[in-house]
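One-letter residues, chain by chain:
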Amino acid sequence: MDLSFTPAEEEFRDEARTWLAENVPAEPLASMDTPDGFEEHREWEHHLFDAGWAVVSWPERYGGREASLVEWLVFEEEYWASGAPGRVSSNGVSLLAPTVFDFGTPEQQDRFLRPMARGDEVWAQGWSEPDAGSDLAGIKTKAQRDGEHFVIEGQKTWCSRGAFADWFFCLVRTDPDSERHAGLSYLLVPADTEGLEARAIGRLDGEPGFAELFFDGARVHERYLLGGEGEGWAVAMATTGSERGLNLRAPGRFMAAADRLVGLYQELADSRGSDLDRRDQVVSAWMGSQAYRWQTYATEARLRGGAPIGSEASFMKVLWSELDVELHATALRLLGRDGERADSSWMDGYVFALSGPIYAGTNEIQRNIISERVLGLPRR
Amino acid sequence: MDLSFTPAEEEFRDEARTWLAENVPAEPLASMDTPDGFEEHREWEHHLFDAGWAVVSWPERYGGREASLVEWLVFEEEYWASGAPGRVSSNGVSLLAPTVFDFGTPEQQDRFLRPMARGDEVWAQGWSEPDAGSDLAGIKTKAQRDGEHFVIEGQKTWCSRGAFADWFFCLVRTDPDSERHAGLSYLLVPADTEGLEARAIGRLDGEPGFAELFFDGARVHERYLLGGEGEGWAVAMATTGSERGLNLRAPGRFMAAADRLVGLYQELADSRGSDLDRRDQVVSAWMGSQAYRWQTYATEARLRGGAPIGSEASFMKVLWSELDVELHATALRLLGRDGERADSSWMDGYVFALSGPIYAGTNEIQRNIISERVLGLPRR
Amino acid sequence: MDFSFSDDQIMFQEAVRDLLANECPPEVVRSAWENDTGRTDGLWGALAEMGVVGMTAPESAGGLGMDETDLVLLLEEAGRAALPEPLLEHTAVGIPTLAEAGGSIAEAWLEQAVAGEATLGAGADGGYAVGAATSDLVLLIGDQIRAVPVAGASLVEHQSVDWSRRLFEVGGEEVVLDADPGLAFDRAAGAAAAQCVGVAQHLLDATVEYVAQRYQFGKPVGSYQAVKHHLANAALKIEFARPTARHAAWCIAAGNPDRSRDVSLAKALASEAVDLAARTALQCHGAIGYTFEYDLHLWMKRGWALSAAWGDAAWHRNRIAAALGI
Amino acid sequence: MDFSFSDDQIMFQEAVRDLLANECPPEVVRSAWENDTGRTDGLWGALAEMGVVGMTAPESAGGLGMDETDLVLLLEEAGRAALPEPLLEHTAVGIPTLAEAGGSIAEAWLEQAVAGEATLGAGADGGYAVGAATSDLVLLIGDQIRAVPVAGASLVEHQSVDWSRRLFEVGGEEVVLDADPGLAFDRAAGAAAAQCVGVAQHLLDATVEYVAQRYQFGKPVGSYQAVKHHLANAALKIEFARPTARHAAWCIAAGNPDRSRDVSLAKALASEAVDLAARTALQCHGAIGYTFEYDLHLWMKRGWALSAAWGDAAWHRNRIAAALGI
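For clarity, every value in this text was computed on a predicted model and none was experimentally measured.

Below, the discussion takes up the overall build of chain A. For chain A, the count of helices and strands is 11 helices and 8 strands. Projected onto its principal axes, the C-alpha positions of chain A cover 70 × 50 × 45 Å. For chain A, the share of sequence-separated contacts (at least 6 apart) that also reach a separation of at least 24 residues comes to 71%. Carbon and sulfur atoms make up 47% of the accessible area of chain A, which totals about 14300 Å². Distance between charge centroids for chain A: 4 Å, based on 38 positive and 64 negative side chains.

Quick look at the overall build of chain C now. Secondary structure summary: chain C contains 11 helices and 9 strands in total. What you see for chain C is a C-alpha radius of gyration of 19 Å, in line with the 20 Å of a compact globule of 326 residues. Dimensions of chain C, computed from the C-alpha atoms along their principal axes, are close to 70 × 45 × 40 Å. Here chain C holds 326 residues, and the buried ones make up 67% of them. Look at the contacts in chain C between residues 6 or more apart in sequence, and 71% of them connect residues 24 or more apart. Entry remark: accessible area of chain C is about 10700 Å², with carbon and sulfur atoms responsible for 49%.

Our focus in this paragraph is the relation of the copies chain C and chain D. When chain C is fitted to chain D, the residual RMSD is 0.0 Å, and the transformation amounts to a turn of 180° plus an axial shift of 0.0 Å. Those values place the two copies in the arrangement expected of a two-fold rotation axis. Interface residue correspondence from chain C to chain D reaches 100%, placing this contact among same-surface, isologous pairings.

In this complex, chain C contributes 4 residues to the contact, which on the side of chain D involves 4 residues. Here chain C packs against chain D, burying approximately 300 Å² in sum over the two surfaces, 53% of which is carbon and sulfur. In this structure, the connection of chain C to chain D is made through 0 salt bridges. Between the two partners, chain C and chain D, sit 3 residue pairs in polar contact (both at pLDDT 80 or more).

We now examine the interface of chain D and chain A. Counting residues at the interface gives 42 residues for chain D, matched by 43 residues for chain A. With both chains or domains summed, chain D and chain A bury close to 3900 Å², and 71% of this area falls on carbon and sulfur atoms. If you sort the residues of chain D by the area they bury against chain A, Met-1, Phe-240 and Ile-326 of chain D come out on top, with a joint share of 23%. Across the contact surface, chain D and chain A share 3 salt bridges. Where Asp-280 of chain A meets Arg-317 of chain D, a salt bridge forms, and the shortest distance between an N and an O atom there is 3.2 Å. For the interface between chain D and chain A, the tally reads 19 residue pairs in polar contact (both at pLDDT 80 or more).

So, about the pairing of strand β5 (residues 154–159) of chain D. Relative to strand β6 (residues 166–171) of chain D, β5 of chain D runs antiparallel, the two being bridged by 6 bridges. Each bridged residue has a counterpart across the sheet, and for Gln-159 of chain D the counterpart in β6 of chain D is Arg-166 of chain D.

All names here are of chain A. Looking at the assigned domains, one finds that chain A contains domain 1 (7–118), domain 2 (123–231) and domain 3 (245–374). The C-alpha centroid of domain 3 is placed 31 Å from the C-alpha centroid of domain 2. Residue-level contacts link 4 residues of domain 2 with 5 residues of domain 3. Contact with domain 3 buries surface across domain 2, with Ser-134, Arg-203 and Leu-204 losing the most and accounting together for 81% of the total. The tally of links from domain 2 across to domain 3 stands at 0 salt bridges. Where domain 2 meets domain 3, there are 0 residue pairs in polar contact (both at pLDDT 80 or more). When grouped by side-chain class, the residues that make up the side of domain 2 that touches domain 3 number 1 nonpolar, 1 polar and 2 charged.

What follows concerns helix α4 (residues 90–103) of chain A. Residue and element names in this part refer to chain A. Its 14 residues give α4 an end-to-end C-alpha distance of 19 Å, which sits within 8% of 20 Å, the value for a rise of 1.5 Å per residue. At Leu-96, α4 is bent by approximately 45°, the largest bend along its length, and proline Pro-98 sits one to four residues beyond. Of all the positions in α4, only Ser-90, Asn-91, Gly-92, Val-93, Ser-94, Leu-95, Leu-96, Ala-97, Thr-99 and Val-100 are classed as buried.

The next thing to look at is the environment of Asp-2 of chain D. Residue and element names in this part refer to chain D. Tracing the backbone through its elements, the reader meets Asp-2 in the segment before α1 (7–23). Taking the relative accessible area as the measure of exposure, Asp-2 reaches 26% and is therefore partly exposed. Here Ser-4 takes part through its side chain, which lies 2.5 Å from a polar atom of the side chain of Asp-2.

Residue and element names in this part refer to chain D. Viewed as axis vectors pointing N to C, helix α7 (residues 181–213) and helix α8 (residues 225–254) meet at an angle of 155°, and their least axial separation amounts to 9 Å. When the interaxial angle is binned, α7 and α8 end up roughly antiparallel. Of the two possible hands of crossing, α7 and α8 adopt the one that is left-handed. Mapping the contact onto sequence places Leu-183, Asp-186, Arg-187, Ala-193, Ala-194, Val-197, Ala-200, Gln-201, Leu-204, Thr-207, Val-208 and Val-211 in α7 and Val-227, Leu-231, Ala-234, Ala-235, Ile-238, Ala-241, Arg-242, Ala-245 and Ile-252 in α8.

Our focus in this paragraph is unusual backbone geometry. Among all residues save glycine, negative phi is the norm, and among peptide bonds the norm is trans. The backbone phi angle of Arg-161 of chain A is positive, close to 55°, even though this residue is not glycine. Residue placement: Arg-161 of chain A occurs in the loop between β3 (149–160) and β4 (167–173). We note that Glu-66 of chain B has phi near 55°; this positive angle belongs to a residue other than glycine. Following the sequence through the fold, Glu-66 of chain B ends up in the loop between α2 (35–50) and α3 (69–81).

What follows deals with the packing of helix α4 (residues 68–80) of chain C against helix α7 (residues 181–213) of chain C. All names here are of chain C. In the contact formed by α4 and α7, the axes pass within 6 Å of each other and the chain directions differ by 40°. Looking at the two axes, α4 sits oblique to α7. In this structure, α4 meets α7 at a crossing whose hand is right-handed. Across from Glu-68, Val-72, Leu-75, Glu-76, Ala-78, Gly-79 and Arg-80 in α4, the residues of α7 making contact are Arg-187, Ala-191, Ala-194, Gln-195, Val-197, Gly-198, Val-199, Gln-201, His-202 and Asp-205. For the contact of α4 with α7, the per-class residue count stands at 7 nonpolar, 5 polar and 5 charged.

Going through the model one piece at a time under the given rule, you end up with 105 salt bridges over all chains. When salt bridges with common partners are traced through the structure, they connect Glu-10, Arg-13, Arg-17, Glu-77, Glu-78 and Arg-293 of chain A into a single cluster.

Definitions and cut-offs
Residues numbered from 1 in each chain as written. Chains lettered and ligands numbered in written order. Predicted model: local features only at pLDDT ≥ 70, side-chain atom pairs only at ≥ 80, totals over all residues. Heavy atoms only, no water. Helix = DSSP H or I, 4+ residues; strand = E, 2+ residues; numbered from the N terminus. Contact = heavy atoms within 4.5 Å. Areas by Shrake-Rupley, 256 points an atom, 1.4 Å probe, with all protein chains shown as cover. Lys, Arg positive; Asp, Glu negative; His and termini not counted. Charge placed at Lys NZ, Arg CZ, Asp CG, Glu CD. Rg over C-alpha atoms; globule rule 2.2 N^0.38 Å. Buried < 20%, exposed > 50% of the residue type's maximum accessible area, 1.4 Å probe, protein only. Least-squares fit on C-alpha atoms with pLDDT ≥ 70 in both. Buried area = accessible area lost by both parts, 1.4 Å probe. Salt bridge = Lys/Arg side-chain N within 4 Å of Asp/Glu carboxyl O. Polar contact = N/O pair within 3.5 Å; in protein donor to acceptor, adjacent residues only side chain to side chain. Pairing = 2+ DSSP bridges. Domains from an automatic or database assignment. Nonpolar A, V, L, I, M, F, W, Y, C, P; charged D, E, K, R; others polar. Expected span 1.5 Å × (residues − 1). Bend = angle between axes of the 7 residues up to and from the residue. Axes fitted to C-alpha atoms, helices over the stretch in contact; angles between N-to-C directions. Parallel < 35°, antiparallel > 145°, perpendicular 65-115°, else oblique. Left-handed = near helix turned anticlockwise from the far one by under 90°.

Okay, structure coming up:
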């Protein structure tokens, strides 16, 4: 056990920090859940990619620099500490890409990974349906084979930024007689497919951050099938592991937020005196971010030793999502009279954080997973 | 709505306070879970009873003074504020007596209530069994009719102070072919019955506060059957209502404990400075006791208006039991290096409090009741 | 000691509840989110007609001579309906404060206010006054109470997360009222507590209804023990906050010496109750609760705002500690 | 950045785990509750034979030249077994502090201590030294470190709720050590954190085992979602406390400048983890966990004591706040 960073890791950190200091926009971009903000964020992804920072852990041929997992975690620490914009490409890069690496054909990898990483093609997830949220196996959207094509009928919902995305990765039922986990397939669908309409739904903050997708005879070629026909559940579950685990929300994001919270407390304490009850909440947020940091580095060592990420990923999902809510709620309380104002980055962050315990498998489901699969309690 | 106490209520309060100030022992009695302490507490019950304070809300013929529910609550406030001893008769007075009033024959009422109130006969509850704790309907102890007698075979456990008690109120299966809620009866059993052995079990603090009861052909006369034969479940549920509701743990007990906690904080703050994080926990305890107080007075008005106590009693059980744990845990934290000492009344109180969320229906079961019977959520 | 409300009080509550159920459905609340004023069309007038608007004024000034114990049930109903009208500022704070101050300012404003012809606003000094632009006279409550006529005042507007709450910094010509600022503040905090209870109750009720009919994995979501216990915990918070809010109202009306401490008890518990109810409601709804089109967020955001307004839980806990001498 | 332990470290951990599994079952822990010393028969000698007792001393003094990163896994095992031996006082604190101080006091005591022939005690100055009566030299850690030989010292004993923890106020002739009291304190707090993690893990494991086989209402208690989520919450606390305890050990060994802050992080989280594990374990066991005859309380009480020892969660949170400049 040596918890110092190696000279190479420190050098990598310095390089990232220097580049970010010189390149992060001085003014925050508009919300990526608005049409203009979405395009601003896409531009930023181009810029990141062209400098080699979009997907540091990926192979060079797809625009990465083959960084280690530790280096990726270091990059995330620096990225968020620098105040850089949110990642509009993250659903593709974090959720879909691991699946493409594992299940995609070489042709699919060559076709999709690079444009995804550069933000040339931004991806949205098309899994949930009005009656299949937490219970994903209840999916009803059908994709019937017609020669080399699948013809899709049905409805998807809660597609983040689905009104602006270029592509969707969807879970659909290709065997019309199947039930639950069987007979599903994982299809990649271009947004401009005829017979597919994306309608924006307002998110909690009023921005059109969600979309509903209506499929009415949308035809998709079989070359866009990821993994085997009817094997969608297994393919999807691999993506779910990424969603909850190391890829979607690295500790650096929350370390940076906790540091900003400490700064907010200092700033306000100067003007109106200390307030020890609230101070303890600030300490809680900082502690949570640090605990997540060390647990993640410990997990990295476990993975490097050959262990799978497995159900332990649920620990991380619960931690970061609840930490994020508490951290932002604390900030709003610190802000006092300004806590209810809509025009603050803390309120934006709070509203966004509130979705964390719901998406990617509710935290109730995560706690089921922890108790049943990690602790081994009886399912019923 | 008038939340001032009437002159009569104030006079009642003054009378109680005056008597208690003059009569409460200066030194705390030994633990009632030890043989000597048990008898000391019994003596105290005699003294209370003879002065008319043992069962203020009962009819005069059984030793009460027919006080109103408000007056009883006032008495409890004064009783606990005075530092008076715990009530060794409370299982009888609070849990069994309401059932005797509702289901007992006039002969049973005349036979049992007065000695129960005076502590001449101290009662213990014989309901739980090794395999029937929360799941009370799983009771296996059998009581087979033999003429005018029931012959009991089986085992009970977790009988508080069962090693010292004079009588047990038991739930037994009188119909050997019955299952679950049917075929149970409510039997009153003298401790000196032949074929009944009570063996002490150590409680968490090491004192012999529990007993296991072993029934091996113990014969009990049918005049000791409370309610109808085979109707034990309904009779028992009436007692359960009392257990969780207004009778067992009045707000005064927790108001007094919270006041002592405030005093402890003040005393320690003088010697080592303030400590605002812990101060907030003290405030929480005080708030909880006050919230319980006002909710109880509001419930009193509801009951006076003719509403049943019903499942809302579960709100009270959860509140006071969790408040009691937090309150004492806070005290131990305040005590610092002395927090782990075994010889403190706060540690005794903490250990006792820990049983609260378990007995009288675990708090998990109370939350089921709240959600299913108060909120009306589907059972499955 | 009698915690029961009179038949008249209950009837008044039911009348207001019926009015709001009919006239203040979610689409009316939404209209106040979108329009220029943050207010509804006509609801304030309807409440004035029922006598609610001026109920806290003495009968001599055209009011009903009622006090906080009469008002508290109506404030709970206002919360339950997410009513976007100034019942707190005008009826709970403004009118009794003007009546207490008396003098020329009361002469100038009180009768109009009681009749609903003038609207009173209120805000913490150094904070925001909600709806100042649709008020005629704003009371700024700090170490003293400063009354600022809105005609000629400078108003700087900020947007609340609850779009019906129009937040204003108010400056301008002022009169210092001869009234107790501590009492006025407690009236506001106590009223906010009662509204928090009402908001929390609606959030709980709406969620119970939703989870009973939403199926996942072949069962109603509300049949899962985790969901049940989330909702039981929210119900517990509400069950114990409500009587303290009513008790606080009585303390204000009766001039109880522990008034400030017990108003803080109520506001701290009510803030915590509505915070938990909002979190629980969203979590048990899942994604649909996270959409702007679904109505739940109207109450969630009102709850966030009211929880923080007139002292959040931490502020009131500190005040309790001071009152307890710790 | 490498969080993995070496094969040697893992083997050492497994050897100690095996020893404790065989030689320190609950009945041995109970013997320490009842006897005169609060210690076991022979376990300390067995640990000395394995080299554990003196492992933190330099090889020149007969030790293994190991540091906190080697010791932390063994401390977790000691917690898991509720070992009633002074691994914290003697091995984690006493020996490295004496080695650091050097001079005549080290000459007099260090080699004996490494060999297990003399036992070192430790306590916070103004607090209690656990097991002082079975120690030979007690270090009292405050603004400075005072070493008190037990022969001739005055000992005042108090009973802990964990009967194997014999609490002593220690007075007597003393030598002030030339060693960093802040470092010694952090060694103690860090070791207590690691033990808390071990105690919490045992409480969780024992409860998982119990609820899987205990039936109520026709199902295993552990199949109820409320019980599952209680245990998941305890598991979460442990999962995130453990790496911080190991990281704290590394900070001490490596002389990290953030050592005190990050030891506080570990101790605060470990205290909270063991507190929650103890509450959860008792609640999920029900009445049987509340009995003296059942073994669960041996760990619960150790957990209560260690959670509070060497700074409880609130104390360490305050220290973190100071380090963060707030």
